Each structure stands twice: as structure tokens, then as C-alpha cells.
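# Architecture and fold: a report
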Amino acid sequence: MARNKIALLGAGQIGGTLALLTGLKELGDIVLFDIVEGTPQGKALDLVEASPIEGFDAKMRGTNSYADIEGADVVIVTAGVPRKPGMSRDDLVGTNLKVMEQVGAGIRKYAPDAFVICITNPLDAMVWVLQKAAGLPPEKVVGMAGVLDSARFRYFLAEELGVSVKDVSAFVLGGHGDDMVPLVRYSSMAGIPLPDLVRMGWTTQAKVDAIVDRTRKGGGEIVGLLKTGSAFYAPASSAIAMAESYLRDKKRVLPCAAFLTGQYGVDGLYVGVPAVIGAAGVERIVEVELNSSERGMFEKSIQSVRGLVESCQQIAPHL
Ligand code: TXD
């Protein structure tokens, strides 16, 4: 059986990390695309030179031509600019919208059957633009943010509880912004709900509230430390988990920015919700029950996403 073909559009901090993880997990052959000449070619060559040491077999090539992504099974999009300290994700709309239109045209022409994972920020709006520009069915275009935000939430909880990260489950609903909704009620340690753990004295409500706040601001915390760009290791791992679930039909239930058609009372927007990812792409959306305070936070997050999409429509009325 021929190897999968994975196209990485953007060969920057996340793109290079995606390529390394794809090699280590032997997910398939890689085409690394960028508009900067030399960067994708140099990173691809450097990566395959690691393959004898790591023991993986994969073809990896760098390119500046969309034609080389022909027939890709999975496309992961990081093309665009990241934020710098003092910038919000929303400040990237003007620049990255135009990039998504270019990238979408390349996918439409050369990889119309691919499963497309968008990473570029502001994520909830950029995945919406990308799906329209590429013209692929909405279930084959998804945004990566929830797996990252949930991983941050899970890590902080595991650190606080003093247990393995493997035994902490949690997820975040809503947009990839500071008003995202980490769901305490649906978080657990080995199946024991987090609110019970507070009552059992494993942690306190104040510490849980602080972890929720740190999760919401997780991206900004790293931008503030790095100063020259944003997070890239955990974002890359998050997108690879989604790609692997598609390529290996694992049916994982992952929080992703998926296109809603009425679920959660939302129609026509990409929003972070738990979704089943399998060989057909987004195969099912999990519509969890929300209490009034959760619903209020979710609505606020939806409003932010709606506002971003409206800005995109003003910049590009044809979308
Ligand atoms: O959870 C999430 N979704 C976020 C997403 C987590 C972290 C980072 N987030 C966003 O991902 C970030 O705000 C950026 O919008 C993207 C990519 O972040 P990265 O850190 O990889 O940025 P880099 O290192 O600047 O890489 C971007 C590459 C760079 O090599 C540019 O030359 C290239 O994109 N680029 C383009 N490629 C193709 N076509 C066009 N037009 C283009 N413009 C820039």
C-alpha cells in the first residue's frame, strides 16, 4: 500500500515541528511548502537526514510550488504570520485572511480530496475563510485549537493534582480566544469528576479557577516569554493527533473547530466542539448539555467568533 502523502503549507516553527512528528510517527511522505525559497527545502533535507538515526522511512521534500502537493491525503496549514507581544490573535485577520485565500486556491486546485487541518490564527475565522476558499465539504476542513487548549488545561490540572497527564481528561469549548470555555464539570481524573475532587480535598475551587484562567491565557503566556513568536511544539502535537485520527480512522473524540449546522444553536460558523475524527473527516459532533453559566460563557465565545467572521466578510465581501 502506498504511503500517505501529507502536505504542510507553511514551513515555519509549527510546520517544521509537524514534519518531524510526522516522520517519528511514520504517518507518510511529506511535502513542505512555503513562499520563502530555501526554508522548506532546507528543513526537509535536514529532517530526512535524521531518519537513519530515528529509524523512520519517509520521503520529505521542500517546495515553493503548490503543484507539488498534488493528491495529498492530509493538508496542514500554518501559513501566515504569528503574533508578537502586545498583539491579540484578532490583529492577524487582515494579513492572514489573504494568505488563507491563496492557500485555499492551491488546495482547491491540487488537493481537493484532502482532509485539511487549519492552524493559522485567528483560528476560528481563518478556518472559515479556508473552507470557503478551498471549496471542500465542511466536514473535510477543520481547525486545530481545542486539542491544544485542552492539553494546556489537562497539563495544569495534572500538575495541581500530582498525577499522570494520562489520567486527566478535559476539554475546552468555544473559540480559540481568551473567552474560550474550559469545562470543569466535564473534566476528570481517572473518571472522577473534577468537582468531586474539590469536595474530596484534592484541590480547591480557587486553584481550579486559576487553572481555567491560565488555560484561557495560555497562548499569550508563551508569546510573552518567547517574544519573537508563539507556541509551536504543543500546537504541532495537537494537529498531528487530529491527522493521525483521520489517516488511521481512529474515531478519536477531539475538541476541534468544526463547522456547525445548528448544533449548540449555531449555524454556519466554525466553533470548538468535541468531534469524532475518522476516515470521513469530522464524522459526528458531540452536543453536550450546558448549564446556564456554561451556556453564558459559550455564547460570549460565539459572539467573538461571529465578530471575527464579520470582519473577514467586510475585508472580503465575496466570501
Ligand atoms: O492553536 C492554534 N491554532 C495556534 C495557531 C497555536 C499557535 C500558533 N498559531 C498560529 O499558527 C500563528 O498565529 C500563525 O498564524 C500560525 C503559524 O505559526 P508559526 O509559529 O509556525 O509561524 P511562522 O514560524 O512564522 O511560520 C509561518 C510560515 C512562515 O515560514 C512564512 O514564510 C509562511 O508561513 N508564509 C506563507 N506560506 C505560504 N503562503 C503565504 N502567503 C505565506 N505567508 C507566510
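Note that the coordinates shown come from a computational prediction; the quantities given were computed from them, not determined experimentally.

### Examining the UniProt feature "binding site: NAD(+)" (unreviewed entry) in the protein chain
- The UniProt feature table records "binding site: NAD(+)" (unreviewed entry) at Gly 10, Ala 11, Gly 12, Gln 13, Ile 14, Gly 15, Asp 34, Asn 96, Ile 119, Thr 120 and Asn 121.
- Mapping Ala 11 onto the fold places it in the loop between β1 (5-9) and α1 (13-24).
- Taking relative accessible area as the criterion, Ala 11 reaches 1% and is therefore assigned buried.
- Those residues in contact with Ala 11 that sit more than four places away from it in its chain are Gly 16, Leu 32, Phe 33, Asp 34, Thr 39, Pro 40 and Lys 43.
- Looking at the element boundaries, Gln 13 is found in helix α1.
- Those residues in contact with Gln 13 that lie beyond four places of it in its chain are Lys 43 and Phe 232.

### Concerning the UniProt feature "domain: Lactate/malate dehydrogenase N-terminal" (unreviewed entry) in the protein chain
- Mapped onto the present numbering, the UniProt feature "domain: Lactate/malate dehydrogenase N-terminal" (unreviewed entry) falls at residues 5-143.
- In residues 5-143, helix accounts for 40% and strand for 18%; the two terminal C-alpha atoms are 20 Å from one another.

### What about the site of the ligand?
- Around the ligand sit 28 residues in total, of which Gln 13, Asp 34, Gln 102, Ile 119 and Met 144 are the nearest.
- Within the backbone of Gln 13, one N or O atom sits 2.8 Å away from an oxygen atom of the ligand.
- Across the complex, the protein chains shield 89% of the 860 Å² of accessible surface that the ligand would expose by itself.
- Per-element tally for the shell around the ligand: the top contributor is helix α4 (residues 93-110), with three residues.
- Looking at the shell around the ligand, its residues break down into 17 nonpolar, 10 polar and one charged.

### A short note on the side chain of Thr 203
- For Thr 203, the location among the structural elements is in the loop between α7 (194-199) and α8 (205-216).
- For Thr 203, a relative accessible area of 6% corresponds to the buried category.
- Polar contacts involving the side chain of Thr 203 include one to the side chain of Glu 160, which spans 2.7 Å.
- Look past the residues within four positions of Thr 203 in its chain and what remains in contact with it is Glu 160, Leu 161, Leu 194, Leu 197, Val 198 and Val 208.

Rules behind the numbers
The residue numbering used here restarts from 1 in each chain and proceeds along that chain's sequence as written. Confidence filtering applies because this is a predicted model: local features only for residues at pLDDT of at least 70, side-chain atom pairs given and counted only at 80 or more, and all residues used for totals across whole chains, interfaces and linings. The side-chain figures draw on all heavy atoms in the structure; neither hydrogens nor water molecules are used. UniProt positions are given in the numbering used here, feature names are shortened, and annotations may be inferred rather than shown by experiment. Here a helix means four or more residues in a row that DSSP labels H or I, a strand means two or more in a row labelled E, and each is numbered from the N terminus. Under the scheme applied here, a residue whose accessible area is under 20% of the maximum for its type counts as buried, over 50% as exposed, and between as partly exposed, the area being computed with a 1.4 Å probe on protein chains only. Throughout, a contact is declared for two residues whenever any of their heavy atoms are within 4.5 Å. Near residues are defined by distance, with any heavy atom within 4 Å of the molecule or strand qualifying the residue. The definition of a polar contact used here is a pair of N or O atoms within 3.5 Å, where within protein one atom must be able to donate a hydrogen and the other to accept one, and adjacent residues in sequence count solely through side-chain atom pairs. Reported accessibility uses the Shrake-Rupley method at a 1.4 Å probe radius. Residues are deemed covered only where the shown protein chains occlude them. Throughout, the ten residues Ala, Val, Leu, Ile, Met, Phe, Trp, Tyr, Cys and Pro are labelled nonpolar, Asp, Glu, Lys and Arg are labelled charged, and all others, Gly among them, are labelled polar.

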